[in-house]
Amino acid sequence: MVVGSSRILPMAMGVHFTNPFEFHLFLLAILLLQLGFGGCYSRLYIQWKELPEAFPDDYETFAVRKTGKEFRWEKRTFSIGSPSRDVVGYAAFVTDPSRFHFALPQQGCGHRVKTSDTAEENGCVYATNAGFFNMNTGACIGTLAVQGKEVQLKDMERVVFGLLENQLLIGYVNVDTLKRLPIFEELITGAGWLVRNSKSYVNTSRVKESIEDVFVMERAPRTGLGVLPSGEILILQVDGIEQEKAGVDLYEFAECFRSMNATYAVNLDGGGSSVSWAAGHGVIDHPTCNDTPTKCERAVTSIVCVK
C-alpha cells in the first residue's frame, strides 16, 4: 500500500511501479532495446562491442580442396530433439572454393537490400543471407572482406569464417593477427562456433563469445557455414518461425551440421533474415521477415553468394 497517494501506476511484465520515474525509466529501456544495436532477430540478445585490447587467437586453418566444378543444392528434412520433430532445411555444396563468395548491395554496408536482389545484382547462382547488421542503419557488424577487398576489421571475440589462398580459416582472430595474415578473399564474423573437429562446440563458444542464453536456446530459423571431410564448403539454412518457437536452437543447429558429417561449422545471422535463393527458382525456402508465419523476405546487408 502507498500512503498519501491515490495515483494508480500501471504494471508491465509483472512489475508494479511505485512511482512515475520508475515507470518512465522502464519505458525508455524498452525503447532503447527496440532501437538497439545488432542485426536481425538477435538484436535483443546479442551484445556487439569492440574489445579495447587484443584477445588471444584461437583458430584453425586447413586446405579446401577443389573436388569438382559442379554445384548442387537440396532440400533436406532433419529429425531433431527429444521427442523427435522434423525441421526443413536447404543445403548447398560448393566443390570449387573459387566459386564461394560473400557479397554486398551495390551501395555497400549501410544499405539493406533483399538477399534475392543482391544475388541477382552480383550474378550468383545460389545465395543465402550472411552477416549480422544494424537493423536501423544497415551497418555491417564485425569483420568483413568481400571478394578480395577488406570492408572493415573489428576486434570482436566472435568466430570468423574466412577463405585465403585456398585455405579456410575458422576461429577467433584479433585484428593485429588479421593484418599480418595474407589477404583474405572472403571473411565474415558470425556468432557461435557450432562444430569443431566433428564435435559440438556450442558449450565452449557460447561462453567464449559471451552469447546470451536466449539467443543460444531460442528455436528459430538459422543460417550457417560448414566444411565437409572432402574439403567441400557446406551452406546450410534451416526454416522456422520465432513467434511459434519453431526452428532450431544453436545446439540443434550444430547437430544438423554433424548429421551431414561437417567437421567444422559456424553460425551466421538468422531468424527473420534467414533465406535461401537459387537462380531460376527464386526464393526456395519459407522466410519469415517479421518472425511470424507470413512468408516475406527481409532486407539485409551481406549475403553468401555462389557464382
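Further remarks concern the packing of aromatic side chains. The tally for this structure, following the rule as stated, stands at nine aromatic pairs. Between the aromatic rings of Phe132 and Phe215, the centroid separation amounts to 6.5 Å while the plane-to-plane angle is 50°, which identifies the pairing as tilted. In this pair, Phe132 is assigned in the loop between β8 (126-129) and β9 (144-146) and Phe215 in helix α5 (residues 213-217), connecting sequence segments 83 residues apart. Phe215 shares its class with Phe132; the two are buried. Geometrically, the ring pair formed by Trp193 and Tyr201 is edge-to-face, given 5.0 Å between the ring centres and 65° between the ring planes. One exposure class covers both Trp193 and Tyr201, and it is buried. Taken together through their ring pairs, the aromatic side chains of Phe71, Trp73 and Tyr126 make up a single cluster. Cation over ring: Arg72 sits above Phe93, and NZ or CZ is 4.0 Å from the ring centre.

So, on to the sheet that holds strand β17 (residues 233-238). Backbone-to-backbone hydrogen bonds pair the strands of a sheet. The strands run either parallel or antiparallel. Strand order in this open sheet of seven strands is β4-β5-β17-β16-β18-β14-β15, and the pairing throughout is antiparallel. Every interior strand has two partners, whereas the edge strands, β4 (71-80) and β15 (199-200), have only one. With six bridges connecting them, strand β5 (residues 85-94) and β17 associate as antiparallel partners. Paired with Ala92 across the two strands is Ile235, which belongs to β17.

Attention now goes to the confidence of the model for the protein chain. On average, residues of the protein chain carry a pLDDT of 87, and 82% of them reach 70 or more. Of the regions scoring below 50 in pLDDT, residues 1-17 engages in 16 contacts with residues more than four places distant in sequence or in other chains. Low pLDDT, under 50, characterises residues 29-39; the predicted model gives this stretch 22 contacts beyond four residues in sequence or across chains.

The next thing to look at is the pattern of salt bridges. Counted according to the given criterion, the structure contains 11 salt bridges. Salt-bridge contacts for Asp96 lead to Lys66; the nearest nitrogen and oxygen are separated by 3.9 Å. Pair noted here: Asp96 is in the loop between β5 and β6 (100-103) and Lys66 is in the loop between β3 (58-63) and β4, with a separation of 30 residues, a long-range link. Between Glu232 and Arg72 there is a salt bridge, with the nearest N and O atoms lying 3.5 Å from each other. With Glu232 in the loop between β16 (222-227) and β17 and Arg72 in strand β4, the pair connects residues that are 160 residues apart, well separated along the chain. Overall, Glu232 belongs to the buried group, its relative accessible area being 11%. One salt-bridge network, held together by shared partners, links Asp58, Glu60 and Arg196.

Another point: the environment of Ser205. Secondary-structure assignment places Ser205 in helix α4 (residues 202-208). Overall, the relative accessible area of 2% leaves Ser205 in the buried class. For the pair formed by Ser205 and Val195, sequence separation is 10 residues and the distance between their alpha carbons is 9.6 Å. Setting aside chain neighbours within four positions, we find Ser205 in contact with Tyr172, Gly192, Trp193, Ser210 and Ile211. Here Trp193 takes part through its backbone oxygen, which lies 3.0 Å from a polar atom of the side chain of Ser205.

Let us now look at the nonpolar core. Phe100, Phe102, Phe161 and Ile170 are the most contacted members of the largest nonpolar core, which has 34 residues in total. Counting 28 residues, the second-largest nonpolar core is a separate cluster that includes Leu228, Leu234, Val248 and Phe257.

Now for the state of the cysteines. Tallied over the entire structure, the rule returns three disulfides. The side chain of Cys109 participates in a disulfide bridge whose partner is Cys140; the two sulfur atoms lie 1.9 Å from each other. The S-S bond linking Cys109 to Cys140 shows a torsion near -95°; that makes this disulfide left-handed. Of this pair, Cys109 sits in the loop between β6 and β7 (113-114) while Cys140 sits in the loop between β8 and β9, placing them 31 residues apart in sequence. Assessed through its relative accessible area of 11%, Cys140 is described here as buried.

Parameters at a glance
- Residues numbered from 1 in each chain as written.
- Predicted model: local features only at pLDDT ≥ 70, side-chain atom pairs only at ≥ 80, totals over all residues.
- Heavy atoms only, no water.
- Phe/Tyr/Trp six-rings, centres within 6.5 Å; stacked < 30°, edge-to-face > 60°.
- Helix = DSSP H or I, 4+ residues; strand = E, 2+ residues; numbered from the N terminus.
- Buried < 20%, exposed > 50% of the residue type's maximum accessible area, 1.4 Å probe, protein only.
- Lys NZ or Arg CZ within 6 Å of the ring centre and 35° of its normal.
- Pairing = 2+ DSSP bridges.
- pLDDT = per-residue confidence, 0-100.
- Contact = heavy atoms within 4.5 Å.
- Salt bridge = Lys/Arg side-chain N within 4 Å of Asp/Glu carboxyl O.
- Polar contact = N/O pair within 3.5 Å; in protein donor to acceptor, adjacent residues only side chain to side chain.
- Core = buried A, V, L, I, M, F, W, Y, C linked by side-chain atoms within 4.5 Å.
- Disulfide = S-S within 2.5 Å.

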